[in-house]
Amino acid sequence: MPDSLPGSCACAVMTAFNQPLAVQSFAMPRDLAPGELIVRVELAGICGTDVHLHKGQLAIPLPLILGHETTAFVAAMGASDTKDWLGRPLSVGDRVSFTVGRTCKECRYCRVYRLPSRCLKRQAYGVNTPCAQPPHLLGGYGQYHFLHADTAVFKLPDDLPSEALVGAGCALVTAVHGFERMRMSWGESVLIQGSGPVGLAALAVAKESGGRPIIVIGGPRERLERCRRFGADLTIDIDEVPDPQQRLRMVREATDGLGADVVVECVGMPVAVAEGWDLCRDGGKYLVLGHYGDAGPIALNPHVITRKELTVYGSWGSEPQHWVAAIELLRTRRERYPFHELITHRYPLAGVNEALAAVASWQTGKAVIVPNG
Ligand SMILES: [Zn+2]
Ligand SMILES: [Zn+2]
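In this convention, every chain numbers its residues from 1, walking through the sequence in written order. The lettering of chains begins at A and the numbering of ligands begins at 1, in the order of writing. Only residues with pLDDT of at least 70 get local features here, since the model is predicted, and only at 80 or more are side-chain atom pairs given and counted; chain-wide, interface and lining totals rely on the full set of residues.

**Q** So what's going on with the domain arrangement of the protein? Residues and values would help.
**A** By domain assignment, the protein separates into domain 1 (8-161 + 334-369) and domain 2 (169-314). Residue ranges labeled as domains rest on an automatic or database domain assignment. Computed over C-alpha atoms only, the centres of domain 1 and domain 2 are separated by 29 Å. Contact between residues is assigned whenever the C-beta positions, reconstructed from backbone atoms, fall within 7 Å. The interface of domain 1 with domain 2 comprises eleven residues on the first partner and eight residues on the second. With three residues, helix H1 (residues 48-54) is the single largest residue contributor to the side of domain 1 that touches domain 2. Residues were grouped as follows: Ala, Val, Leu, Ile, Met, Phe, Trp, Tyr, Cys and Pro as nonpolar; Asp, Glu, Lys and Arg as charged; and all remaining residues, including Gly, as polar. Here the side of domain 1 that touches domain 2 is composed, by residue class, of three nonpolar, six polar and two charged. Numbering of helices and strands runs from the N terminus, with a helix taken as a DSSP run of H or I at least four residues long and a strand as a DSSP run of E at least two residues long.

**Q** Help me get a handle on the packing of helix H3 (residues 162-182) against helix H9 (residues 320-332), residues and values and all.
**A** For every element, the axis is a line fit to its C-alpha atoms; helices are fit only across the contacting stretch, and the angle between N-to-C directions ranges from 0 to 180 degrees. Closest axis-to-axis distance for the H3/H9 pair is 9 Å, and the angle between their directions is 130°. As summarised for this structure, H3 and H9 are arranged oblique, according to the angle between their axes. Seen along the crossing, H3 lies across H9 with a hand that is right-handed. Within the contact between the two elements, H3 uses Ala 164, Leu 165, Ala 168, Leu 172, Val 173, Val 176 and His 177 and H9 uses His 322, Trp 323, Ala 325, Ala 326, Ile 327 and Leu 330. Roughly parallel here means an angle under 35 degrees, roughly antiparallel means over 145, roughly perpendicular means 65 to 115, and every remaining angle is called oblique. Crossing handedness is defined as follows: a turn of the near helix away from the far one that is anticlockwise and smaller than a right angle gives a left-handed crossing, while the clockwise case is right-handed.

**Q** Account for unusual backbone geometry, naming residues and giving values.
**A** Each neighbour pair has its own omega, and for Leu 62 with Pro 63 the value is -5°, a cis peptide bond. Here Pro 63 lies in the loop between H1 and strand E4 (70-77). A cis geometry characterises the amide bond from Arg 212 onward to Pro 213, with omega recorded as -10°. For Lys 105, which is not glycine, the phi dihedral falls at a positive 65°. Among the secondary structure elements, Lys 105 is positioned in the loop between strand E6 (101-102) and helix H2 (108-111). Partly exposed residues are those whose C-beta has more than 12 but fewer than 20 other C-beta atoms within 10 Å; with 20 or more the residue is buried, with 12 or fewer it is exposed, and the C-beta atoms are placed from the backbone. Residue classification places Lys 105 among the exposed positions, given that 11 C-beta atoms sit within 10 Å. Despite not being glycine, His 136 shows a phi value in the positive range, around 60°. Residue position: His 136 is located in the loop between strand E7 (123-124) and strand E8 (144-147).

Shown next, in the form of structure tokens:
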């Protein structure tokens, strides 16, 4: 272990659902194997999913260090010739981000179905990697983060601010993955349900994929204004147009009377799915992006799928290639999609509970923890 690393570091630990996180001290991992890294956390984004995890809406092991949207600086390397996922040499001090999911590369989903996001042994930092045993530092809400040798690490380009990457958060890679699965065609009309972080990310990806027109249904007004700045052609405020039938009429009016070619669910409320099927044109595609947490069942009419010949897509998490695309999008289109502007609140590690509460009650744009600030 290099002398420059402290012997211990502080992390915010979730020991029970719905209880305050506790800042605890952990021993710094020693004797790194080749490929392993210790990184010093710069920014740890607070994702809406963290709020759901804190409420116990996914079966995850505890105690856990939350945080899956992280930028950091390489602080220690198990071998001096370690490279990032794209084969670029890494050095101590490099600014990096990383894919939180790690896969076994051996199960049938990894090997045969080429669906690593559904790997039977998938581990995700900050989601299902408990911190009780060494190397402990397995989530973003801490001063340092340990990275296993098989982590997809990305050296960040100098002209990409960390705020852009964390501002876009896991929503952007989620959207990139979803659109890849759906194989949207250039020139298709896109309706996005929801104007939160996932909706905004889907909007940017739809725009870059040649979608037109792009319509967003959501609220409140400020979020819809941002959607228009990001390139939405039409926004429909659910507060101003509370009647689903009227929303349907407006969407059809904007799509030659037929409904959208592509509808992307980014709301996280099950009831939106039934409306979304109505908003699709016959033969259209419906992508469910907003239900990482289990928000429960609703009654849906399968007749709609048959009659309209709909195709429904799901998409879970992201894979390293989606990070490559997202990083390049953010680097080259920063003016077009100013995701860095989404960050409204910064908290020290000791303010983590205040931060989670603020995110849970919609008081923030994007909130980040600055654990070494
Ligand atoms: Zn997330
Ligand atoms: Zn696997």
